[in-house]
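Listed here are the chains, written in short residue letters.
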Amino acid sequence: MTGALALLLASVAMPIAVVPYVLEPGEVTREDTAVPPPRKPDAGVGTDDVGEPRLSPEDKDRISDVVEDYMADREGRIAVAVQELTTGATYDYRADREFITGSLVKLDILTLMLLRAEDEDRDLTQRERDLAGKMIRYSDNEVADVLFADIGYGSGLLEGNERFGLRDTEPNPANVWGATTTTAADQRRLLRAVFTDTGPLSERSREFVAELLGDVAPEQAWGVSVAAADDGIALLKNGWVPIEDHGGRWVINSAGHVVSESGEYLIVVLSDRHGDYASGVECVEHVAGEVTREIEETLAAEGGLQRRDVPDAPPG
(Lines give C-alpha, C1' and ligand atoms only; values in the text may rest on other atoms or scores of the structure.)
Protein backbone atom coordinates (compact mmCIF):
# COMPACT_ATOMS: atom_id res chain seq x y z
CA MET A 1 0.00 0.00 0.00
CA THR A 2 1.48 3.37 -0.97
CA GLY A 3 1.80 6.18 1.53
CA ALA A 4 -0.77 8.30 -0.30
CA LEU A 5 -3.26 5.45 -0.31
CA ALA A 6 -2.68 4.78 3.38
CA LEU A 7 -3.27 8.44 4.19
CA LEU A 8 -6.45 8.56 2.20
CA LEU A 9 -7.72 5.32 3.69
CA ALA A 10 -7.23 6.86 7.10
CA SER A 11 -8.88 10.11 6.09
CA VAL A 12 -12.13 8.52 4.90
CA ALA A 13 -12.64 7.02 8.33
CA MET A 14 -12.99 10.50 9.83
CA PRO A 15 -16.57 11.78 10.26
CA ILE A 16 -15.99 15.14 8.57
CA ALA A 17 -12.93 16.28 6.64
CA VAL A 18 -12.88 19.90 7.77
CA VAL A 19 -9.52 21.61 8.03
CA PRO A 20 -9.73 24.64 10.32
CA TYR A 21 -9.90 27.76 8.17
CA VAL A 22 -10.90 31.22 9.32
CA LEU A 23 -12.69 33.37 6.76
CA GLU A 24 -11.23 36.83 6.50
CA PRO A 25 -13.52 39.89 6.32
CA GLY A 26 -14.92 40.34 2.85
CA GLU A 27 -14.45 36.74 1.73
CA VAL A 28 -17.36 35.25 -0.23
CA THR A 29 -19.41 32.60 1.57
CA ARG A 30 -22.44 30.60 0.59
CA GLU A 31 -24.62 32.06 3.34
CA ASP A 32 -27.83 33.82 2.30
CA THR A 33 -27.24 33.70 -1.45
CA ALA A 34 -29.87 33.06 -4.07
CA VAL A 35 -29.25 29.93 -6.11
CA PRO A 36 -29.64 30.48 -9.85
CA PRO A 37 -31.25 27.52 -11.64
CA PRO A 38 -29.33 25.45 -14.17
CA ARG A 39 -29.58 27.12 -17.54
CA LYS A 40 -29.76 26.23 -21.19
CA PRO A 41 -26.65 27.41 -23.03
CA ASP A 42 -27.01 30.34 -25.37
CA ALA A 43 -26.37 30.03 -29.08
CA GLY A 44 -22.77 29.18 -29.76
CA VAL A 45 -22.39 26.67 -26.93
CA GLY A 46 -22.53 23.20 -28.38
CA THR A 47 -23.32 19.87 -26.79
CA ASP A 48 -19.68 18.85 -26.51
CA ASP A 49 -17.44 19.86 -23.61
CA VAL A 50 -16.53 23.26 -25.07
CA GLY A 51 -18.33 25.87 -27.11
CA GLU A 52 -17.33 27.95 -30.09
CA PRO A 53 -13.93 29.54 -29.32
CA ARG A 54 -14.24 33.24 -28.45
CA LEU A 55 -10.69 33.84 -27.18
CA SER A 56 -7.87 34.06 -29.71
CA PRO A 57 -4.73 31.95 -29.32
CA GLU A 58 -2.91 35.17 -28.46
CA ASP A 59 -5.44 35.93 -25.72
CA LYS A 60 -5.04 32.46 -24.25
CA ASP A 61 -1.25 32.68 -24.35
CA ARG A 62 -1.38 36.02 -22.55
CA ILE A 63 -3.60 34.58 -19.81
CA SER A 64 -1.30 31.57 -19.46
CA ASP A 65 1.65 33.94 -19.05
CA VAL A 66 -0.18 35.54 -16.12
CA VAL A 67 -0.65 32.12 -14.50
CA GLU A 68 2.94 31.06 -15.10
CA ASP A 69 4.36 34.34 -13.79
CA TYR A 70 2.43 33.85 -10.57
CA MET A 71 3.33 30.16 -10.18
CA ALA A 72 7.03 30.79 -10.90
CA ASP A 73 7.53 32.04 -7.34
CA ARG A 74 5.32 29.46 -5.64
CA GLU A 75 5.37 25.82 -4.71
CA GLY A 76 2.92 23.45 -6.31
CA ARG A 77 1.38 22.56 -9.65
CA ILE A 78 -1.87 23.92 -11.03
CA ALA A 79 -4.38 23.31 -13.81
CA VAL A 80 -7.33 25.45 -14.92
CA ALA A 81 -10.40 24.90 -17.10
CA VAL A 82 -12.96 27.71 -17.57
CA GLN A 83 -16.00 28.28 -19.73
CA GLU A 84 -18.04 31.48 -19.92
CA LEU A 85 -21.52 30.23 -20.71
CA THR A 86 -23.11 33.26 -22.37
CA THR A 87 -20.42 33.44 -25.05
CA GLY A 88 -19.06 29.89 -25.07
CA ALA A 89 -15.53 31.19 -24.52
CA THR A 90 -13.19 28.61 -23.02
CA TYR A 91 -9.74 28.73 -21.49
CA ASP A 92 -7.47 25.85 -20.45
CA TYR A 93 -4.17 25.73 -18.63
CA ARG A 94 -2.70 22.23 -18.34
CA ALA A 95 -6.29 20.99 -18.23
CA ASP A 96 -5.28 17.42 -19.14
CA ARG A 97 -2.86 17.05 -16.19
CA GLU A 98 -4.00 14.45 -13.65
CA PHE A 99 -4.62 15.29 -9.99
CA ILE A 100 -5.98 13.45 -6.97
CA THR A 101 -9.52 14.63 -6.30
CA GLY A 102 -9.82 14.43 -2.54
CA SER A 103 -13.36 15.47 -1.60
CA LEU A 104 -13.98 17.07 -4.99
CA VAL A 105 -15.12 13.62 -6.17
CA LYS A 106 -18.16 13.92 -3.90
CA LEU A 107 -19.83 16.05 -6.58
CA ASP A 108 -19.29 13.19 -9.03
CA ILE A 109 -20.73 10.69 -6.54
CA LEU A 110 -23.81 12.89 -6.08
CA THR A 111 -24.50 13.20 -9.80
CA LEU A 112 -24.16 9.45 -10.30
CA MET A 113 -26.53 8.77 -7.41
CA LEU A 114 -29.08 11.01 -9.12
CA LEU A 115 -28.49 9.37 -12.49
CA ARG A 116 -29.05 5.93 -10.97
CA ALA A 117 -32.35 7.07 -9.43
CA GLU A 118 -33.48 8.44 -12.79
CA ASP A 119 -32.59 5.15 -14.47
CA GLU A 120 -34.83 3.44 -11.92
CA ASP A 121 -37.58 5.97 -12.69
CA ARG A 122 -37.86 7.18 -9.12
CA ASP A 123 -37.18 10.17 -6.90
CA LEU A 124 -34.43 10.14 -4.32
CA THR A 125 -35.49 8.63 -1.02
CA GLN A 126 -35.46 10.87 2.04
CA ARG A 127 -32.44 8.90 3.22
CA GLU A 128 -30.58 9.65 0.01
CA ARG A 129 -31.48 13.33 0.14
CA ASP A 130 -30.31 13.62 3.74
CA LEU A 131 -27.04 11.82 3.03
CA ALA A 132 -26.40 13.89 -0.09
CA GLY A 133 -26.89 17.07 1.91
CA LYS A 134 -24.36 16.01 4.54
CA MET A 135 -21.83 14.89 1.93
CA ILE A 136 -21.90 18.15 -0.03
CA ARG A 137 -22.71 20.78 2.61
CA TYR A 138 -20.26 19.46 5.22
CA SER A 139 -18.01 17.20 3.13
CA ASP A 140 -18.86 14.28 5.43
CA ASN A 141 -16.52 11.38 4.67
CA GLU A 142 -18.52 8.62 6.35
CA VAL A 143 -21.53 9.58 4.27
CA ALA A 144 -19.35 9.57 1.15
CA ASP A 145 -18.34 5.99 2.02
CA VAL A 146 -22.01 4.99 2.05
CA LEU A 147 -22.98 6.74 -1.17
CA PHE A 148 -19.86 5.55 -2.97
CA ALA A 149 -20.93 2.00 -2.13
CA ASP A 150 -24.46 2.79 -3.31
CA ILE A 151 -23.26 3.79 -6.79
CA GLY A 152 -21.17 0.63 -7.13
CA TYR A 153 -17.75 1.76 -5.94
CA GLY A 154 -15.07 2.42 -8.55
CA SER A 155 -16.70 0.37 -11.29
CA GLY A 156 -19.94 2.29 -10.86
CA LEU A 157 -18.05 5.58 -10.94
CA LEU A 158 -16.26 4.61 -14.12
CA GLU A 159 -19.40 3.34 -15.87
CA GLY A 160 -21.50 6.34 -14.91
CA ASN A 161 -18.84 8.84 -15.89
CA GLU A 162 -18.84 7.50 -19.42
CA ARG A 163 -22.36 8.87 -19.76
CA PHE A 164 -21.17 12.30 -18.63
CA GLY A 165 -18.35 12.21 -21.16
CA LEU A 166 -15.63 12.15 -18.52
CA ARG A 167 -12.61 10.72 -20.28
CA ASP A 168 -9.79 10.96 -17.76
CA THR A 169 -11.32 10.37 -14.33
CA GLU A 170 -10.01 7.10 -12.91
CA PRO A 171 -11.21 5.41 -9.71
CA ASN A 172 -8.63 4.11 -7.27
CA PRO A 173 -8.12 0.31 -7.62
CA ALA A 174 -8.62 -0.12 -3.87
CA ASN A 175 -11.98 1.71 -4.03
CA VAL A 176 -10.73 4.71 -2.03
CA TRP A 177 -12.97 7.47 -3.38
CA GLY A 178 -10.64 10.28 -2.28
CA ALA A 179 -7.78 8.77 -4.30
CA THR A 180 -9.70 9.09 -7.58
CA THR A 181 -7.68 10.96 -10.20
CA THR A 182 -9.12 13.48 -12.63
CA THR A 183 -8.32 16.43 -14.87
CA ALA A 184 -9.58 19.99 -14.95
CA ALA A 185 -11.09 19.35 -18.38
CA ASP A 186 -13.10 16.42 -17.03
CA GLN A 187 -14.36 18.42 -14.07
CA ARG A 188 -15.56 21.13 -16.45
CA ARG A 189 -17.46 18.46 -18.38
CA LEU A 190 -19.09 17.40 -15.13
CA LEU A 191 -20.06 21.00 -14.34
CA ARG A 192 -21.60 21.32 -17.80
CA ALA A 193 -23.71 18.25 -17.06
CA VAL A 194 -25.01 20.01 -13.94
CA PHE A 195 -25.37 23.62 -15.10
CA THR A 196 -26.54 23.17 -18.69
CA ASP A 197 -29.09 20.84 -20.24
CA THR A 198 -26.51 19.14 -22.46
CA GLY A 199 -26.01 16.11 -20.17
CA PRO A 200 -28.11 13.12 -19.08
CA LEU A 201 -29.46 14.60 -15.83
CA SER A 202 -33.01 15.92 -15.62
CA GLU A 203 -33.69 19.54 -14.75
CA ARG A 204 -35.01 18.49 -11.34
CA SER A 205 -31.81 16.61 -10.53
CA ARG A 206 -29.66 19.51 -11.68
CA GLU A 207 -31.62 21.91 -9.50
CA PHE A 208 -31.02 19.64 -6.50
CA VAL A 209 -27.27 19.62 -7.14
CA ALA A 210 -27.23 23.41 -7.55
CA GLU A 211 -29.13 23.82 -4.28
CA LEU A 212 -26.54 21.81 -2.35
CA LEU A 213 -23.55 23.47 -4.01
CA GLY A 214 -25.01 26.83 -3.06
CA ASP A 215 -25.21 25.89 0.60
CA VAL A 216 -21.80 24.50 1.57
CA ALA A 217 -20.53 25.24 5.08
CA PRO A 218 -19.03 28.75 5.25
CA GLU A 219 -15.57 27.45 6.22
CA GLN A 220 -15.56 25.43 2.99
CA ALA A 221 -16.67 28.29 0.73
CA TRP A 222 -13.19 29.32 -0.40
CA GLY A 223 -11.84 28.75 -3.91
CA VAL A 224 -13.50 29.68 -7.18
CA SER A 225 -16.02 31.76 -5.21
CA VAL A 226 -13.54 34.68 -5.38
CA ALA A 227 -14.53 35.16 -9.02
CA ALA A 228 -18.00 36.20 -7.86
CA ALA A 229 -16.52 39.30 -6.18
CA ASP A 230 -18.67 41.00 -3.52
CA ASP A 231 -22.11 40.79 -5.12
CA GLY A 232 -22.03 37.68 -7.29
CA ILE A 233 -23.09 34.09 -6.63
CA ALA A 234 -20.93 30.96 -6.45
CA LEU A 235 -22.03 27.32 -6.22
CA LEU A 236 -19.06 25.06 -5.59
CA LYS A 237 -17.39 21.96 -4.17
CA ASN A 238 -13.80 21.81 -2.96
CA GLY A 239 -11.31 19.08 -2.15
CA TRP A 240 -8.26 19.22 0.10
CA VAL A 241 -5.93 16.57 1.50
CA PRO A 242 -2.22 16.20 2.38
CA ILE A 243 -0.43 13.44 0.46
CA GLU A 244 2.24 11.44 2.25
CA ASP A 245 3.96 10.44 -1.01
CA HIS A 246 4.42 14.16 -1.72
CA GLY A 247 6.07 14.74 1.64
CA GLY A 248 2.81 15.74 3.30
CA ARG A 249 2.18 18.47 0.73
CA TRP A 250 -1.39 19.42 -0.02
CA VAL A 251 -3.86 18.80 -2.81
CA ILE A 252 -6.18 21.83 -3.05
CA ASN A 253 -9.04 21.71 -5.60
CA SER A 254 -12.04 23.91 -6.30
CA ALA A 255 -14.76 23.71 -8.96
CA GLY A 256 -18.05 25.47 -9.44
CA HIS A 257 -20.50 27.79 -11.17
CA VAL A 258 -20.00 31.53 -10.70
CA VAL A 259 -22.29 34.37 -11.74
CA SER A 260 -20.71 37.83 -11.70
CA GLU A 261 -21.90 41.21 -12.93
CA SER A 262 -20.55 40.55 -16.41
CA GLY A 263 -20.40 36.80 -16.93
CA GLU A 264 -21.49 33.29 -16.02
CA TYR A 265 -18.65 30.86 -15.53
CA LEU A 266 -17.84 27.23 -14.98
CA ILE A 267 -14.46 27.32 -13.23
CA VAL A 268 -12.17 24.45 -12.24
CA VAL A 269 -8.81 24.89 -10.53
CA LEU A 270 -6.91 21.73 -9.53
CA SER A 271 -3.58 21.87 -7.73
CA ASP A 272 -1.16 19.91 -5.58
CA ARG A 273 2.20 19.90 -3.78
CA HIS A 274 1.49 23.00 -1.73
CA GLY A 275 3.54 23.41 1.44
CA ASP A 276 0.43 23.85 3.57
CA TYR A 277 -3.34 24.16 3.37
CA ALA A 278 -3.53 27.95 3.68
CA SER A 279 -0.98 28.68 0.95
CA GLY A 280 -2.74 26.22 -1.34
CA VAL A 281 -6.09 27.94 -0.83
CA GLU A 282 -4.46 31.32 -1.47
CA CYS A 283 -2.92 30.01 -4.70
CA VAL A 284 -6.16 28.53 -6.01
CA GLU A 285 -8.11 31.68 -5.22
CA HIS A 286 -5.54 33.96 -6.81
CA VAL A 287 -5.44 31.96 -10.03
CA ALA A 288 -9.24 31.64 -10.22
CA GLY A 289 -9.64 35.38 -9.73
CA GLU A 290 -6.90 36.43 -12.15
CA VAL A 291 -7.94 34.08 -14.95
CA THR A 292 -11.60 35.08 -14.71
CA ARG A 293 -10.69 38.76 -14.61
CA GLU A 294 -8.51 38.42 -17.71
CA ILE A 295 -11.28 36.59 -19.58
CA GLU A 296 -13.88 39.18 -18.59
CA GLU A 297 -11.70 42.09 -19.68
CA THR A 298 -10.87 40.44 -23.00
CA LEU A 299 -14.48 39.56 -23.83
CA ALA A 300 -15.75 42.96 -22.70
CA ALA A 301 -13.24 44.69 -24.99
CA GLU A 302 -14.61 42.63 -27.87
CA GLY A 303 -18.21 43.43 -26.97
CA GLY A 304 -18.97 39.87 -25.90
CA LEU A 305 -19.89 40.61 -22.29
CA GLN A 306 -22.02 43.33 -20.79
CA ARG A 307 -22.89 44.30 -17.24
CA ARG A 308 -25.78 42.19 -15.97
CA ASP A 309 -28.03 41.99 -12.94
CA VAL A 310 -27.09 39.35 -10.41
CA PRO A 311 -30.01 37.72 -8.51
CA ASP A 312 -30.54 39.35 -5.12
CA ALA A 313 -29.86 37.41 -1.98
CA PRO A 314 -32.97 36.62 0.07
CA PRO A 315 -33.55 38.65 3.23
CA GLY A 316 -31.16 37.66 6.00
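Here is what the cut-offs are and how they apply
Residues numbered from 1 in each chain as written. Predicted model: local features only at pLDDT ≥ 70, side-chain atom pairs only at ≥ 80, totals over all residues. Heavy atoms only, no water. Helix = DSSP H or I, 4+ residues; strand = E, 2+ residues; numbered from the N terminus. Buried < 20%, exposed > 50% of the residue type's maximum accessible area, 1.4 Å probe, protein only. Contact = heavy atoms within 4.5 Å. Areas by Shrake-Rupley, 256 points an atom, 1.4 Å probe, with all protein chains shown as cover. Pairing = 2+ DSSP bridges. Axes fitted to C-alpha atoms, helices over the stretch in contact; angles between N-to-C directions. Lys, Arg positive; Asp, Glu negative; His and termini not counted. Salt bridge = Lys/Arg side-chain N within 4 Å of Asp/Glu carboxyl O. Phe/Tyr/Trp six-rings, centres within 6.5 Å; stacked < 30°, edge-to-face > 60°. Lys NZ or Arg CZ within 6 Å of the ring centre and 35° of its normal. Expected span 1.5 Å × (residues − 1). Arc of directions from axis to C-beta.

A word on the overall build of the protein chain
(1) Moving on: Looking only at helices and strands, the protein chain has nine helices and seven strands in total.
(2) Moving on: The 316 residues of the protein chain split such that 56% are buried.
(3) Moving on: When contacts within the protein chain are restricted to residue pairs at least 6 apart in sequence, those whose partners lie at least 24 apart make up 73%.
(4) Moving on: For the protein chain, the exposed surface amounts to about 12,900 Å²; the carbon and sulfur share of it is 47%.

Remarks on the sheet that holds strand β7 (residues 264-272)
(1) Moving on: Within the open sheet, the five strands sit side by side as β2-β1-β7-β6-β5. Their pairing is antiparallel. If you trace the sheet from one side to the other, it starts and ends with β2 (90-93) and β5 (233-243), each paired once. With direction set aside, neighbouring strand axes in the sheet form an average angle of 5°.

What about the side chain of D108?
(1) Moving on: Mapped onto the fold, D108 is located in helix α3 (residues 105-119).
(2) Moving on: It is R163 that comes nearest to the buried, bridge-free D108 among opposite-charge side chains, at 11 Å.
(3) Moving on: Leave out the neighbours within four places in its chain, and D108 touches L157, N161, L166, T169 and L190.

Overview of unusual backbone geometry
(1) Moving on: Although it is not a glycine, D121 adopts a positive phi angle of roughly 55°.
(2) Moving on: Phi is positive for R273, close to 65°, though the residue is something other than glycine.
(3) Moving on: Overall, R273 belongs to the partly exposed group, its relative accessible area being 37%.

Here we look at the packing of aromatic side chains
(1) Moving on: Within this structure, the stated rule accounts for four aromatic pairs.
(2) Moving on: Ring plane angle 85° and centroid distance 5.8 Å describe the contact between F148 and Y153, whose orientation is recorded as edge-to-face.
(3) Moving on: Note on W222 and Y277: the rings are 6.0 Å apart at their centroids and 85° apart in plane angle, and the pair reads as edge-to-face. With W222 in the loop between α8 (203-213) and β5 and Y277 in helix α9 (residues 277-301), the pair connects residues that are 55 residues apart, well separated along the chain.
(4) Moving on: Of the aromatic side chains, those joined through ring pairs into one cluster are W222, W240, W250 and Y277.
(5) Moving on: The ring of F99 is capped by R77, whose NZ or CZ atom sits 5.0 Å from the centre of that ring.

So, the pairing of strand β1 (residues 77-84)
(1) Moving on: For β1, the tally of buried residues reaches seven of eight residues, placing the bulk of the element in the interior.
(2) Moving on: Pairing geometry for β1 and β7, over eight bridges, is antiparallel. Across the sheet, Q83 pairs through a bridge with L266, a residue of β7.

Focus: helix α6 (residues 153-164)
(1) Moving on: Taking 1.5 Å per residue, 12 residues should reach 16 Å; α6 reaches 17 Å between its end C-alpha atoms and fits that length.
(2) Moving on: All of the buried residues in α6 are G154, G156, L157, G160, N161 and F164. Down the axis of α6, the buried side of the element spans an arc of 155°, and every buried residue falls inside it. Projecting away from the buried face of α6 at angles above 90 degrees are the exposed residues S155, E159 and E162.

That's the geometry; what it means functionally is another story.
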